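# What the coordinates show
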Amino acid sequence: MPTARAIHVALFALALAGITAARAPADPPANKHQRLLEYVGHDGQTRPVVNRDDWQRRRAQIIAGMEAAMGPLPKHDAELPLDPRIVEAKEEDGYTRLKLTIAVANPPSAETAGESTDRLPIYLLLPKRADGQRLPAMLALHQTTPIGKDEPVGLGNRVNLKYGQELAKRGYVVAAPDYPSFGEYPYDFRNSGYASGTMKGIVNHLRAVDLLASRPEVDAERIGVIGHSLGGHNAMFVGVFDERLKVIVSSCGWTPFHDYYGGKIAGWTSDRYMPRLRDVYELNPDRVPFDFYEVVAALAPRAFFSNSPLKDGNFDVAGVKKAMAAARPVYELFDAAERLQVRYPDSGHDFPPEVREEAYRFVDEALRK
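Along each chain, the written sequence defines residue order, and numbers are assigned to residues from 1. Only residues with pLDDT of at least 70 get local features here, since the model is predicted, and only at 80 or more are side-chain atom pairs given and counted; chain-wide, interface and lining totals rely on the full set of residues. Where side-chain values are given, they derive from all heavy atoms of the structure, hydrogens and water being excluded.

## A word on the sheet that holds strand β9 (residues 245-251)
By definition, two strands form a pair when at least two bridges between them are found by DSSP. Strands are runs of DSSP state E lasting at least 2 residues, helices are runs of H or I lasting at least 4, and numbering of each runs from the N terminus. Spatial strand order, β3-β4-β5-β7-β6-β8-β9-β10-β11: nine strands in an open sheet with mixed pairing. Single-partner strands in this sheet number two, and they are β3 (85-92) and β11 (340-343). Between one strand and the next, the sheet's axes are offset by a mean angle of 20°, whatever the strand orientation. Two strands pair when backbone bridges link them, and strand β5 (residues 117-127) and strand β7 (residues 173-177) are joined in this way by four bridges, in the antiparallel orientation. What sits directly across from Leu125, in β7, is Val174. Lying over the sheet, helix α10 (residues 317-333) contacts β10 (303-307) and β11, oriented at roughly 165° with respect to β11. Any two residues whose heavy atoms approach within 4.5 Å are treated as being in contact. Think of each axis as a best-fit line through the C-alpha atoms, taken over the contacting stretch in the case of a helix, with angles from 0 to 180 degrees between the N-to-C directions. Here helix α11 (residues 353-367) sits on the sheet in contact with β6 (135-141), β8 (218-228), β9, β10 and β11, set at roughly 175° to β10.

## A short note on the environment of Leu167
Checked against the element boundaries, Leu167 lands in helix α5 (residues 163-169). Here's how the labels work: a residue is buried when its accessible area is under 20% of the maximum for its type, exposed when over 50%, partly exposed in between, all with a 1.4 Å probe on protein chains only. Overall, the relative accessible area of 0% leaves Leu167 in the buried class. Taking C-alpha positions, Leu167 is 9.8 Å from Pro152, a pair spaced 15 residues apart along the chain. Among all residues touching Leu167, those that are not within four sequence positions of it are Met138, Tyr172, Val174, Ile226 and Tyr360.

## Observations regarding unusual backbone geometry
With omega at 0°, the peptide bond leading from Ala300 into Pro301 counts as cis. Relative to the helices and strands, Pro301 is located in the loop between α9 (292-298) and β10. Even without being a glycine, Cys252 presents a positive backbone phi close to 50°. Within the secondary structure, Cys252 sits in the loop between β9 and α8 (276-279). Non-glycine residue Asp335 carries a positive phi angle of around 55°. As for its position among the elements, Asp335 is in the loop between α10 and β11.

## Observations regarding the pattern of salt bridges
Pairs can form between side chains of opposite charge whenever their charged atoms are close. In the sections that follow, a salt bridge refers to a side-chain nitrogen of Lys or Arg positioned within 4 Å of a carboxyl oxygen of Asp or Glu. For the coordinates displayed, the defined rule picks out 33 salt bridges. Here Arg215 ties to Glu217 by a salt bridge, and the two come within 2.9 Å at their closest N and O atoms. Residue class for Glu217 comes out buried when judged on its relative accessible area of 11%. Each member of the salt-bridge network shares a partner with another, and the members are Arg170, Glu357, Arg361, Asp364 and Arg368.

Structure below.
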């Protein structure tokens, strides 16, 4: 029979365990981003997503989280004149390559010496076509490279990253802009009026879609986006904010924040990206108000294809696998599970030929109906 002291010690241990359990959170904070089929009601209570209307409420909360980290999306003025200025035109095998700049509105708070617009350098690849034929189009976003937009249009040395050129040869009109501070686009982020370089990139990419939609060669109902690395996550970001994009292809572009270098998210915080992750959320992935589980799900029911190599040193494939599994029920809610696709090639941070070919067939399926 236990002694009185033993009973006292046991009761104390149980009480201490109860206090510890009460103080511990029911779920790690990161898990709230994985719980995609829950939303917060007007009363502050968590509710299940049981239909597509509920999902729109959840999606709006995802966008609010993204804007909390990136800064608010300015009002998109599609009526602002694009004012295209052609810098160069060159005939290539099967298409014409135009280099031009277009106008992008500056936010009122930008210190731009009175300039109301910014000039975005961009390539436009125009395939040969039958008279009057309207073609599908793709926005092609480049990786982190000094040459910027030259890479995807075939002017760089990376043979696996010429996806803009390859799509043009397949009959797609292609727009390839410079990301701010790359290529021919020097940029002062600190005086831009944007809370993040990421949001400035989104605004520019929306404007590039405006350009594609305005072209007589383009069927504005058949536009998508593709990108690698820097371009891979920016393809996803603009895809969330611009539902004109019917298919999104991200190569080596993402993993949830806790899986990015073990949760060391400083790489996301330069002026080019999201400095609020450092200045507001203290480099703590538990505090970041959105995650890539939600970004993927917010693309539903549109077509999303991810190239996520097993040996990608930047974006851990284990996190991709978790996020794709979490997002699948959202696609199933829309009877669109087949539109969510991922490939895991046995390679490093690259876009191998066989996976590119699969991605192009996926794009064909989405845009050539």
